[in-house]
Amino acid sequence: MDLNAYRKRIDEIDDELVRLFAERMETAAGIAAFKKENDLPVLDTRREREKLQQIAEKTPEELEDYAVRLYSLLFELSRSYQKRLLGTQSELGAQIEAALRETPPLFPGNPAVACQGVEGSYQQLACERLFKRPNILYFSNFNAVFSAIESGLCRYGVVPVENSTAGSVNAVYDLMRRHDFRIIRSVRLKVDHNLLARPGVKLEDVREIYSHEQAISQCAAFLQQHPGVRVIPCENTAAAARMVAESPRRDIAALASRSCMGLYGLEALAESVQDQSNNFTRFICIAKKLEIYPGADRTSLMLTLPHEPGSLYKLLSRFYVLGININKLESRPMPERNFEFMFYFDLETSVYSPEFIQLMAELPEICDSFSYLGSYSEVI
């Protein structure tokens, strides 16, 4: 046989497979109706396990693994289709629908917002991008920001969650999980670090540079050009700028944003000294209560999976089946479990779509642990 003949035979087989697939899914719909009438769960783990064993026994040995993978995916598709027909909704799905009904149509303009740092920080700039006239309260660290929201002192908080060069801020993810808070909006800011000092100070006068450790890492190439200068980490870029402005010393400088120049009366000895010009930090607005504002098209999740072969594949196939795009997938080792990981997902999907509601109903049953961080839109 030549190639065209093989392709013709493949087409004939595919036609039969499509017909049988449609027939199989139609039968699955009948099974769904029976299960609903008799109050039976969609997932029958024992039946699927027995079925996979039968498939393996009927398949030639060299194709056994392929057949098991194929039918595992078919089972995923069948369950997903049954749940869509049944309109299955989880407790989380009910909470999301309640939030969609109860959240006001307009994003608040001037609430009390907790930020880490001091005036002039990137958190402040992010906060002012998110809100028209925010009442900002500053705190020394992320723990204090979360505690301010937990206690009711502030309705919202704005914290960094990832940087395009330095990666995720894991401390924030840990606090999100511990406090069970929700993301209600996000914003991306271009990071522009400048070397700031008191008026009249020259670059060759500088003996010490202060800044946040992440800003220091983002300006590594510039700092390497000045090997005789001592670099000292501190809690915040704006706090470093304020310290330089208040100090009588004329041999110190800070890596901070341009907004700190006018705010603290400093001058730029060098501008835009970060290693990469396209350096962005993403900030999230967090709240204790689930709020979903109109236009929400991004969802964030944290979850752990069973420690067994194929568990991540099964999860990813669920996104694929529902046509949901993944914007971010990151894994992080779990210290309390050897060789097991926590996964962070950002999904691109409208919160109003039936696929989203179905996904929220299905995910908890296939995860060891599951945290819904919220659905929101991102300010560009």
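Not measured: the values here are computed from a predicted model.

Considerations on the overall build of the protein chain
Line of reasoning, step 1. Along the protein chain, the regular secondary structure elements total 13 helices and 15 strands.
Line of reasoning, step 2. Here the C-alpha atoms of the protein chain give a radius of gyration of 27 Å, more than 25% beyond the 21 Å that 2.2 N^0.38 yields for 380 residues.
Line of reasoning, step 3. By its C-alpha atoms, the protein chain is 85 × 55 × 40 Å across when sized along the principal axes.
Line of reasoning, step 4. Burial analysis of the protein chain (380 residues in total) assigns 46% to the buried set.
Line of reasoning, step 5. Accessible surface for the protein chain amounts to roughly 19,900 Å². Of this, 51% is attributable to carbon and sulfur atoms.
Line of reasoning, step 6. Considering the protein chain, the positive charge centre built from 44 side chains and the negative charge centre built from 52 side chains are found 4 Å apart.

Structural notes on the packing of aromatic side chains
Line of reasoning, step 1. Here the structure, examined in full by the defined rule, presents 7 aromatic pairs.
Line of reasoning, step 2. Judged by centre distance (4.1 Å) and plane angle (10 degrees), the ring pair of tyrosine 173 and tyrosine 344 falls under stacked. In this pair, tyrosine 173 sits in helix H7 (residues 170–179) while tyrosine 344 sits in strand S14 (residues 341–348), placing the two residues 171 residues apart along the sequence. For the pair tyrosine 173 and tyrosine 344, one class covers both residues: buried.
Line of reasoning, step 3. Ring pairing ties together the aromatic residues Phe107, Phe131, Tyr156 and Tyr293, which thus form one cluster.
Line of reasoning, step 4. Against the face of tyrosine 66 rests arginine 69, its NZ or CZ located 5.7 Å from the ring centre.
Line of reasoning, step 5. Across the ring face of phenylalanine 107, the terminal group of arginine 185 is positioned such that the distance to the ring centre comes to 3.9 Å.

Thoughts on the sheet that holds strand S6 (residues 194–197)
Line of reasoning, step 1. Ordered in space as S8-S7-S9-S6-S10, the 5 strands form an open sheet in which the pairing is mixed. The two strands at the open ends of the sheet, each matched to only one other strand, are strand S8 (230–234) and strand S10 (267–270). Along the sheet, successive strands turn relative to each other by an average axial angle of 35 degrees, direction set aside.
Line of reasoning, step 2. Pairing analysis gives 3 bridges linking S6 to S10, with the strands arranged antiparallel. Looking at the pairing, leucine 196 lines up with alanine 268 of S10.
Line of reasoning, step 3. Strands in contact with helix H10 (residues 237–246) are S6, strand S7 (208–212), S8 and strand S9 (252–256); relative to S9, the strand with the most contacts, it is inclined by about 155 degrees.

Brief notes about the packing of helix H1 (residues 3–37) against helix H3 (residues 64–86)
Line of reasoning, step 1. Interhelical geometry of H1 versus H3 gives an angle of 50 degrees and a closest axis separation of 9 Å. Our classification of the angle between H1 and H3 gives oblique. You can see that H1 and H3 cross each other, and the crossing is right-handed. Note on element contacts: H3 touches H1 through Leu74, Phe75, Leu77, Ser78, Tyr81, Gln82, Leu85 and Leu86, opposite Phe21, Arg24, Met25, Ala28, Ala29, Ile31, Ala32, Lys35 and Lys36.

Quick word on the packing of helix H12 (residues 311–322) against helix H13 (residues 354–366)
Line of reasoning, step 1. Viewed as axis vectors pointing N to C, H12 and H13 meet at an angle of 165 degrees, and their least axial separation amounts to 11 Å. The angle between the axes of H12 and H13 places the two elements in the roughly antiparallel class. Of the two possible hands of crossing, H12 and H13 adopt the one that is right-handed. Along its contact with H12, which presents Leu315, Arg318, Phe319 and Leu322, the element H13 presents Glu355, Gln358, Leu359, Glu362, Leu363 and Ile366.

Looking at unusual backbone geometry
Line of reasoning, step 1. Positive phi, close to 60 degrees, is recorded for aspartate 180, a residue that is not glycine.
Line of reasoning, step 2. Tracing the backbone through its elements, the reader meets aspartate 180 in the loop between H7 and strand S5 (182–190).
Line of reasoning, step 3. Note on aspartate 180: relative accessible area 46%, which makes it partly exposed.
Line of reasoning, step 4. Not every positive phi belongs to a glycine, and serine 272 is a case in point at roughly 50 degrees.
Line of reasoning, step 5. By the element assignment, serine 272 lies in the loop between S10 and strand S11 (280–287).

Remarks on the pattern of salt bridges
Line of reasoning, step 1. The full count for this structure, using the stated rule, is 23 salt bridges.
Line of reasoning, step 2. Glutamate 378 serves as the salt-bridge partner of arginine 188, at 2.8 Å between the closest nitrogen and oxygen. Note that arginine 188 is positioned in strand S5 and glutamate 378 in strand S15 (residues 369–379), a separation of 190 residues in sequence.
Line of reasoning, step 3. For arginine 188, a relative accessible area of 35% gives the class partly exposed.
Line of reasoning, step 4. A salt bridge links arginine 249 to glutamate 208, with the shortest nitrogen-to-oxygen separation between them at 3.2 Å. Note that arginine 249 is positioned in the loop between H10 and S9 and glutamate 208 in strand S7, a separation of 41 residues in sequence.
Line of reasoning, step 5. Judged by relative accessible area, arginine 249 falls into the partly exposed class, the value being 33%.
Line of reasoning, step 6. It is possible to trace a salt-bridge network through shared partners that takes in Glu162, Arg188, Arg282, Arg298, Lys328, Glu330, Asp346 and Glu378.

Description of H3
Line of reasoning, step 1. Between its first and last C-alpha, H3 extends 33 Å over 23 residues, near the 33 Å set by a 1.5 Å rise per residue.
Line of reasoning, step 2. Listed as buried for H3 are Ala67, Ser72, Leu74, Phe75, Glu76, Ser78, Arg79, Ser80, Gln82 and Lys83.
Line of reasoning, step 3. Next to the buried residues of H3 lie H1, helix H2 (45–58), H12 and H13.
Line of reasoning, step 4. Positive phi appears at glycine 87, one or two residues downstream of H3, with a value of about 65 degrees.

Here we look at H2
Line of reasoning, step 1. For H2, spanning 14 residues, the distance from its first C-alpha to its last is 20 Å, which sits close to the expected 20 Å at 1.5 Å a residue.
Line of reasoning, step 2. Three or more residues of H2 are buried, namely Glu48, Ile55 and Ala56. Taken end-on, H2 shows its buried residues confined to a sector of 100 degrees, consistent with a single buried face. More than 90 degrees from the buried face of H2, the exposed residues found are Arg46, Glu57 and Lys58.
Line of reasoning, step 3. The inward-facing, buried residues of H2 contact H3.

Criteria and thresholds
Residues numbered from 1 in each chain as written. Predicted model: local features only at pLDDT ≥ 70, side-chain atom pairs only at ≥ 80, totals over all residues. Heavy atoms only, no water. Helix = DSSP H or I, 4+ residues; strand = E, 2+ residues; numbered from the N terminus. Rg over C-alpha atoms; globule rule 2.2 N^0.38 Å. Buried < 20%, exposed > 50% of the residue type's maximum accessible area, 1.4 Å probe, protein only. Areas by Shrake-Rupley, 256 points an atom, 1.4 Å probe, with all protein chains shown as cover. Lys, Arg positive; Asp, Glu negative; His and termini not counted. Charge placed at Lys NZ, Arg CZ, Asp CG, Glu CD. Phe/Tyr/Trp six-rings, centres within 6.5 Å; stacked < 30°, edge-to-face > 60°. Lys NZ or Arg CZ within 6 Å of the ring centre and 35° of its normal. Pairing = 2+ DSSP bridges. Axes fitted to C-alpha atoms, helices over the stretch in contact; angles between N-to-C directions. Contact = heavy atoms within 4.5 Å. Parallel < 35°, antiparallel > 145°, perpendicular 65-115°, else oblique. Left-handed = near helix turned anticlockwise from the far one by under 90°. Salt bridge = Lys/Arg side-chain N within 4 Å of Asp/Glu carboxyl O. Expected span 1.5 Å × (residues − 1). Arc of directions from axis to C-beta.

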